[in-house]
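# Descriptive structure summary
The primary structure of each chain is shown beneath.
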Amino acid sequence: MEFVGLSFTSLLQDILGAVFDSVLAPVIRDVANVLINATGALINEILSNFLLQIWVIFLKLIYFLECIFNVFSGISPVHVQNLSENITLLEYFFRIEPVQKAFLVITAVAVVLSFLTTLIAVMRSMSDMTFENKSPISSVLRQAAKAAVSFMLIPITCLFMLQMVTQITVVINSSMVDQSASTSMSDVLFISAAGQGAKSDSIREEYSAGQKYEDVEAVKEDFNIEQFDYILAYASSILVAILMLCSILQFIQRIIMILLLYMVSPFFVAYMPLDDGGKFREWREMFVAQMVSAFGPIIAMKL
């Protein structure tokens, strides 16, 4: 009886094992696969939504920085009350009344200094006349005449250079950007990382301009957000944001330097009779270098 009981138990165990292997195991395996896939898709969707939300914030920040970049670089003009035309930010600083008054005061002081430096240079020339006569009086008087003319020409020359640099900046920007479309750097970054997830070519074209990415719900409808290259998206966005911020700081420094060089220019002119215009040539080189220093960052950002 004991042998019969063991045989029955073994038979029942084999039958149940076969039923489990042939019926229950595939069902459990299929259910487990469905649950795992559903959980993975849910996690992927939640993570993609989260990454998309953060990325859109980055893109909005980049667009904001680009607007500031365009203003400080002179690409985008600013509107000033009581002026019929829009002007660049640097030109606005040149036109404000405190700067003009300060420049007039500095020019008046520099004119007095110019008379003193001319007198000193003449006395030095007369003392050297009996020796080598390195700086004759005629040369001193010629430099004094140049200084007198320079006092009148510096404001005109600076404003002319400002207008010329502004026009060149506009030409550079126009040659590199399609002005018929409101394409921004943030649009380019969005399409570069999200274009492969677009459901059609027309959608990709539609989102290539106008900051359409700001409507996150529309992006979810028009794109498969799980297919976005988020590594490229975040890496490129962070890099561009850092470059934009550094360029903005550089433009702020440029504006300050140009204004300072413009304000102190009469002092360099006043020194011309003493060094034959050597200091003034150094000032001119620094002023021109600061004026054209905007071209490099603009070209780098618009390429």
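Before going into details, it helps to say that this report is about the structure given with it. Within each chain, residue numbers correspond to sequence positions counted from 1 in written order. Since the coordinates come from a predicted model, pLDDT governs what is reported: local features require at least 70, and pairs of side-chain atoms require 80 or more to be given and counted, while whole-chain, interface and lining totals use all residues. Working from all heavy atoms in the structure, the side-chain values ignore hydrogens and water.

### Remarks on the overall build of the chain
Secondary structure elements are taken from DSSP: a helix is a run of H or I of four residues or more, a strand is a run of E of two residues or more, and numbering for both begins at the N terminus. Assigned secondary structure in the chain consists of eleven helices and zero strands. Listing each helix as α and each strand as β along the chain from the N terminus yields α-α-α-α-α-α-α-α-α-α-α. Working definition: with a 1.4 Å probe on protein chains only, accessible area under 20% of the residue-type maximum means buried, over 50% means exposed, and in between means partly exposed. Classification of the 303 residues of the chain by burial places 36% in the buried group. Pairs of residues are marked as contacts when any of their non-hydrogen atoms sit within 4.5 Å. Across the chain, the fraction of contacts at a sequence separation of at least 24, relative to all contacts at a separation of at least 6, is 77%. By element, 68% of the accessible surface of the chain is carried by carbon and sulfur atoms, the whole surface being about 17900 Å². Exposure was quantified through the Shrake-Rupley algorithm and a 1.4 Å probe, taking into account, for residues, occlusion by the shown protein chains and nothing else.

### Quick notes on a positive patch on the surface
Positive charge collects at one region of the surface, where Arg-142, Lys-146, Arg-281 and Arg-284 lie side by side. Counting residues per element, the ones that place at least two in the positive patch are helix H4 (137–176) and helix H10 (278–292). Two distance rules govern patches: like charges are joined within 9 Å, and nonpolar side chains (Val, Leu, Ile, Met, Phe, Trp, Tyr) within 5 Å, applied only to residues with over 30% relative accessible area and no salt bridge. The salt bridge definition used is simple: a Lys or Arg side-chain nitrogen within 4 Å of an Asp or Glu carboxyl oxygen. Asp and Glu count as negative and Lys and Arg as positive, but His and the ends of the chain are not part of the count. By convention, the charge on Lys lies at NZ, on Arg at CZ, on Asp at CG and on Glu at CD.

### Some details on the pattern of salt bridges
Where charged atoms from two side chains of opposite charge come close, those side chains can pair. Within this structure, the stated rule accounts for four salt bridges. A salt bridge links Arg-95 to Glu-91; the nearest nitrogen and oxygen atoms lie 2.7 Å apart. With Arg-95 and Glu-91 both in helix H2 (residues 89–95) and four residues apart, the pair spans about one turn of that helix. Judged by its relative accessible area of 33%, Arg-95 falls in the partly exposed class. Salt-bridge contacts for Asp-201 lead to Arg-204; the nearest nitrogen and oxygen are separated by 2.7 Å. Of this pair, Asp-201 and Arg-204 both sit in helix H6 (residues 201–206), separated by three residues, roughly a single helical turn. Judged by its relative accessible area of 29%, Arg-204 falls in the partly exposed class.

### Section: the packing of aromatic side chains
Stacked, edge-to-face and tilted labels apply to pairs of Phe, Tyr and Trp rings (six-membered ring for Trp) whose centres lie within 6.5 Å, assigned for plane angles under 30 degrees, over 60, and everything in between, in that order. Throughout the structure, instances matching the rule amount to 16 aromatic pairs. Residues Phe-228 and Tyr-230 carry aromatic rings whose centres are separated by 5.9 Å and whose planes lie at 50° to one another, so their mutual orientation is tilted. A single burial state applies to Phe-228 and to Tyr-230, both of which are buried. Put simply, the rings of Trp-55, Phe-190, Tyr-207, Tyr-213, Phe-223, Phe-228 and Tyr-230 touch in pairs and so form one group of aromatic residues.

### Remarks on unusual backbone geometry
A negative phi holds for most residues other than glycine; trans holds for most peptide bonds. Of note, Gln-211 is a non-glycine position whose phi angle comes to about 55°, a positive value. Looking at where Gln-211 falls in the secondary structure, it is placed in the loop between H6 and helix H7 (216–222).

### Looking at helix H8 (residues 230–270)
For H8, with 41 residues, the first-to-last C-alpha span of 60 Å sits near the 60 Å given by 1.5 Å per residue. By definition, a residue's bend is the angle between the axes fitted to the seven residues ending there and the seven starting there. At Val-264, H8 is deflected by roughly 45°, the largest bend along its length, and proline Pro-266 occurs up to four residues later in sequence. Take the number of residues in a helix, subtract one, and multiply by 1.5 Å to get its expected span.

### Details of a nonpolar patch on the surface
Judged by side-chain polarity, Val-105, Val-109, Val-112, Leu-113, Leu-116 and Phe-267 come together as a nonpolar surface patch covering roughly 490 Å² of accessible area. Considering each element in turn, the nonpolar patch owes the most residues, five residues, to helix H3 (residues 97–128). One can find Val-105 in helix H3.

### Regarding the packing of H8 against H10
Helix axes use the C-alpha atoms of the stretch in contact, all axes being lines fitted to C-alpha atoms, and the angles between their N-to-C directions lie in the range 0 to 180 degrees. Running from N to C, H8 and H10 cross one another at 160°; their axes reach a closest spacing of 10 Å. On the basis of the axis angle, H8 is roughly antiparallel to H10. Helix-helix and strand crossings are classified by hand; for H8 and H10 the assignment is left-handed. Contacts from Arg-254, Met-257, Ile-258, Leu-261, Tyr-262, Ser-265, Phe-268 and Val-269 of H8 reach H10 at Lys-279, Phe-280, Trp-283, Met-286, Phe-287, Gln-290 and Met-291. Split into classes, the residues belonging to the contact of H8 with H10 amount to eleven nonpolar, two polar and two charged. Oblique is the label for any angle not under 35 degrees, not over 145, and not in the 65 to 115 range, which are roughly parallel, roughly antiparallel and roughly perpendicular in turn. Handedness of each helix crossing follows the sense of rotation of the near helix against the far helix: counterclockwise by less than a right angle gives left-handed, clockwise gives right-handed. Any residue that is not Ala, Val, Leu, Ile, Met, Phe, Trp, Tyr, Cys, Pro, Asp, Glu, Lys or Arg is counted as polar, Gly included; the first ten are nonpolar and the last four charged.

### Regarding the side chain of Thr-117
Among the secondary structure elements, Thr-117 is positioned in helix H3. At 2.9 Å, the side chain of Thr-117 forms a polar contact with the backbone oxygen of Ser-114. Excluding residues within four positions of it along the chain, Thr-117 makes contact with Ala-270, Pro-273 and Leu-274. Pairing of N or O atoms within 3.5 Å defines a polar contact, subject to two protein rules: one partner must be a possible hydrogen donor and the other a possible acceptor, and residues neighboring in sequence count only if both atoms are side-chain atoms.

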